[in-house]
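What follows is the residue order along each chain.
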Amino acid sequence: HHIKPADGIYVIRLDGNVLVKRLQLLPGGVLHVTSDNPAYKAFELRLDDQGTDFVILGKVVLVHGVRRL
């Protein structure tokens, strides 16, 4: 099952790592990837880049019990 990216929070696999990131689809097949954690820098992926191991595993629909310290 292939999930098409849209704006939202997703669980993704990127180069063998499983991450939870905010995705924003930009014109030209570019995906802007950000984190709520300011320690991690934003980056962009081209959806047509066949050399990148990138898969959307699922969309986050509920965040429970999160508190900011």
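Structure: above.
These lines cover the structure that appears in this document, whether it is placed above or below.

## A look at the environment of L45
Assignment of secondary structure puts L45 in strand 4 (residues 43-46). What makes L45 buried here is its relative accessible area of 12%. With near-sequence residues (within four places) excluded, L45 lies in contact with L14, G29, V30, L31, V33, T52 and F54.

## Details of the environment of I9
Along the chain, I9 falls in strand 1 (residues 8-14). On a C-alpha basis, the gap between I9 and Q24 in space is 9.0 Å, while along the polypeptide they are 15 residues apart. If near-sequence neighbours (up to four positions away) are discounted, I9 is found in contact with V20, K21, R22, K59 and V60.

## Digging into the sheet that holds strand 4
Across the sheet, which stays open at both edges, the 5 strands sit in the order 4-3-2-1-5 with antiparallel pairing between neighbours. The open sheet has two edge strands with one neighbour each: strand 4 and strand 5 (54-59). Neighbour-to-neighbour, the strand axes of the sheet open up by a mean angle of 45°, direction not taken into account. As judged from the 7 bridges shared by strand 1 and strand 2 (residues 17-26), these two strands associate in the antiparallel manner. Across the sheet, G8 pairs through a bridge with L23, a residue of strand 2.

What counts and what doesn't
Residues numbered from 1 in each chain as written. Predicted model: local features only at pLDDT ≥ 70, side-chain atom pairs only at ≥ 80, totals over all residues. Heavy atoms only, no water. Helix = DSSP H or I, 4+ residues; strand = E, 2+ residues; numbered from the N terminus. Buried < 20%, exposed > 50% of the residue type's maximum accessible area, 1.4 Å probe, protein only. Contact = heavy atoms within 4.5 Å. Pairing = 2+ DSSP bridges. Axes fitted to C-alpha atoms, helices over the stretch in contact; angles between N-to-C directions.

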